[in-house]
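Fold and contact review
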Amino acid sequence: MPTDRAQLPDEPPPFLRTWPRVYAAVLIYLASLIALFYVFTRMFS
Amino acid sequence: MRPLDWVVLGGTLTAIVLYGLYKGRGSDTMNKYLLAGRTMPWYAMALSIMATQASAITFISTTGQAYVDGMRFVQFYFGMPIAMVILSATAVPLFHRANVYTAYEFLEKRFDTKTRALASIVFLIQRGLAVGLSLYAPAIVLAVIFGWPDRITTLVMGALITIYTVTGGIKAVTWTDVQQMIIILCGLIVAFFMIVHMLPRGISFTDALYLAGATGKLNAVDLKFDLDNRYNLWSGLIGGCFLALSYFGCDQSQVQRYLTGKSIAQSKLSLLFTATAKIPMQFLILFVGAMVFVFFLFERPPLLFQSVAMHDLQSPGLREQFAPIGRRFEQAFEQRKQAALGMAEARRSRDAGKRATSLAQYLVAQEQINDLRASGAKLYEQASGEKGFNDTNYIFLSFVTRYLPAGVVGLLIAVIFAAAMSSSSGEVNSLATVTVIDVYRRHVRPDATDRHYLWVSRLATAFWASYAVFFAQYAKKLGSLIEAVNLLGSLFYGSLLGVFVLAFWFRRVTGTGAFIGMLVGEAAIFAAFSFTSISFLWYNVIGCVVVIATGVAVSWMRPGPRTA
């Protein structure tokens, strides 16, 4: 454990190289999920 | 419960406790006991976060909610991924770098002692009221279904979590949460396949989807904006986001999970994984409930799923009044069953005329069944004096105990125990941490040894576990106050969120500004609760906005020294 945690580095994510890209991927996933659920609702209603 | 069910249930609970004791070894410093020495990998934290959030009553009740009201509850979780992204980008690095044990410790570093004290007290009240209910709520459902004394059930669950939580601290809590989450997921998947397998011959899975959808049970998305409608896309995205920000960013029972991470990146990944896994999991739970509805299209359900209520309705005093309702219910069930079979047949033969006729008959019969259920509930309310009768919590377990085979029943009861224990252990652990770090170490004994704090932490954990069991023992006497207690919990999040937003993003706001802002925000939430019909999801938005506005205004009028 680092002794000075105030300097703790923010490591890059294990995929997509940068955190903003990972965040964007999560939000795109959310939008896709909502779209999928909407189609599901309409298809069987 | 048959012998095999007892073997599965007993074996699962024993495995949870033994695994907790095994994984909790070596928690011999305060840092290891309360933060697992910051060694946790992302997947353990993620599953622990999900397990702590999923209480037993969520699991029991959500399936029943889909049966009665459809799947629209899933929208409640739509704001969570947005909240998780915001927290990963802001709160996680700040908390890690501040080297804190609790979220409220961070508030003192940023503002002052009184703001930290107020936030800690709000958390202790809110979480302290909820912790006993996590044990009591499933116990009372199991008492009605199986006749098990609820006091014994809460005592057993409380004793089991005490064993591994007191000895192993957060390491034991996190790893047992992982195990419990796996049990919950296995139980859900088994239940889903069993229900689909038990549909009558001639009814395919696609037929089941159309039958559920025709009565609005698959209404996963509602685009209409309505402040009074609890679950639609907008309340889910906006209100749900604020609620998730409050819960995952300000509630120590969740913050403590990701403070145990090996690194900032691991903690971020745990939140983002939770964000992506939670919605499909809730969808699955609700979908199981919708499939239970389809199952009961072909197998006659009781008019009311709460056996005590049905017993009362059939007692000599009420039998005469209930008999016509019961007869009409049987007729309506038969009509709905025939119409459902007709719909399925017409769909396959692509006979549009027959399909339309069957659909109309099906919807009329469903409407009759809804009315008759309401009449039965009203009759029971009049006779018993109970107001707001609701049998949603009993639907899924009635199905499980009556129709599922030996072994599977034991597994699903184990799921309920696992869900109750995972929520309670996380709550007990976080309550103990705030008691020791924000109260005892800050105000009572600031300069004791690490060993001393370790033992005080163990004592505080034992105290909160005992308190949870004690509170659960007397929860029955609270009667309808239980609902008030649940609601009371949801009244505090908005102001907590507001003060953390001030801490993260408003560098000129002073401690006094934040403190007064929190008090005014809390008053605004109580005013919204007392004088408006606004859905509770919006309380977080109101509280947060008022805290920010007040905090900024007070700091502008009475500027103090700038803090880091």
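This is a predicted model, so every value here is computed, not measured.

1. Focus: the overall build of chain A
What chain A contains, in helices and strands, is 1 helix and 0 strands. In terms of principal-axis extent, the alpha carbons of chain A reach across some 60 × 20 × 10 Å.

2. Comments concerning the overall build of chain B
Within chain B, the regular secondary structure consists of 23 helices and 0 strands. The C-alpha atoms of chain B give a radius of gyration of 25 Å, which matches the 24 Å a tight globule of 564 residues would have. Projected onto its principal axes, the C-alpha positions of chain B cover 75 × 55 × 45 Å. Counting every position in chain B, which comprises 564 residues, the buried fraction comes to 55%. Here the contacts in chain B between residues at least 6 apart in sequence split such that 85% fall between residues at least 24 apart.

3. Here's the deal with the domain arrangement of chain B
Residue and element names in this part refer to chain B. Split by domain assignment, chain B resolves into domain 1 (3-100 + 130-296 + 404-457) and domain 2 (317-390). The gap between the C-alpha centroids of domain 1 and domain 2 is 35 Å. Listed per partner, the contact involves 7 residues of domain 1 and 8 residues of domain 2. Taken together, the residues of the side of domain 1 that touches domain 2 break down into 4 nonpolar, 2 polar and 1 charged.

4. Comments concerning helix α22 (residues 511-531) of chain B
With 21 residues, α22(B) extends 30 Å from end C-alpha to end C-alpha; this agrees with the ideal 30 Å at 1.5 Å per step. Structurally, α22(B) contributes buried residues whose contacts are with α8 (113-146), α21 (493-505) and α23 (539-557) of chain B.

5. Description of the packing of helix α15 (residues 316-349) of chain B against helix α16 (residues 352-384) of chain B
All names here are of chain B. The interhelical angle for the contact between α15 and α16, taken along N-to-C directions, is 155 degrees, at an axis separation of 8 Å. The angle between the axes of α15 and α16 places the two elements in the roughly antiparallel class. As for how α15 packs across α16, the hand of that crossing is left-handed. Partitioned by chemical class, the residues of the contact of α15 with α16 number 17 nonpolar, 9 polar and 5 charged.

6. Digging into the environment of B:Phe111
Residues and elements named next belong to chain B. By the element assignment, Phe111 lies in the loop between α7 (103-110) and α8. Residue class for Phe111 comes out buried when judged on the 25 C-beta atoms lying within 10 Å of it. A C-alpha to C-alpha distance of 7.6 Å links Phe111 and Ala514, two positions 403 residues apart in sequence.

7. So, α15(B)
Residues and elements named next belong to chain B. For α15, spanning 34 residues, the distance from its first C-alpha to its last is 49 Å, which sits close to the expected 50 Å at 1.5 Å a residue. Roughly 50 degrees is the biggest bend found in α15, and it falls at Phe322, with proline Pro324 one to four residues downstream. Burial in α15 covers these residues: Phe322, Phe329, Ala332, Phe333, Arg336, Ala339, Ala340, Met343 and Ala344. Those residues of α15 that are buried lie in contact with α10 (205-214), α13 (264-298), α14 (307-313) and α16.

8. Observations concerning the packing of α8(B) against helix α17 (residues 392-403) of chain B
All names here are of chain B. Relative to each other, α8 and α17 sit at 45 degrees, their axes nearing to 10 Å. Overall, the two elements α8 and α17 adopt an arrangement that is oblique. α17 is crossed by α8, and the crossing has right-handed handedness. Listed contacts from α17 to Val141, Val144 and Ile145 of α8 are Asn393, Tyr394, Leu397 and Thr401. Its residues assigned to classes, the contact of α8 with α17 shows 5 nonpolar, 2 polar and no charged.

9. Digging into the environment of A:Val22
Within the fold, A:Val22 resides in helix α1 (residues 19-44). You can call A:Val22 buried: it has 21 C-beta atoms within 10 Å. Once residues lying within four places of it in the same chain are set aside, the contact partners of A:Val22 are A:Pro13, A:Leu16 and B:Leu272.

10. Re the confidence of the model for chain B
All names here are of chain B. Looking at chain B, pLDDT values average 87 and 96% of them are 70 or higher. Per-element confidence in chain B ranges from a low mean pLDDT of 58 for helix α20 (residues 481-490) to a high of 95 for helix α5 (residues 80-89). Here the prediction assigns the complex a pTM of 0.88, and the interface score ipTM is 0.91.

How each quantity is defined
Residues numbered from 1 in each chain as written. Chains lettered and ligands numbered in written order. Predicted model: local features only at pLDDT ≥ 70, side-chain atom pairs only at ≥ 80, totals over all residues. Helix = DSSP H or I, 4+ residues; strand = E, 2+ residues; numbered from the N terminus. Rg over C-alpha atoms; globule rule 2.2 N^0.38 Å. Buried ≥ 20, exposed ≤ 12 C-beta atoms within 10 Å, placed from the backbone. Contact = placed C-beta atoms within 7 Å. Domains from an automatic or database assignment. Nonpolar A, V, L, I, M, F, W, Y, C, P; charged D, E, K, R; others polar. Expected span 1.5 Å × (residues − 1). Axes fitted to C-alpha atoms, helices over the stretch in contact; angles between N-to-C directions. Parallel < 35°, antiparallel > 145°, perpendicular 65-115°, else oblique. Left-handed = near helix turned anticlockwise from the far one by under 90°. Bend = angle between axes of the 7 residues up to and from the residue. pLDDT = per-residue confidence, 0-100.

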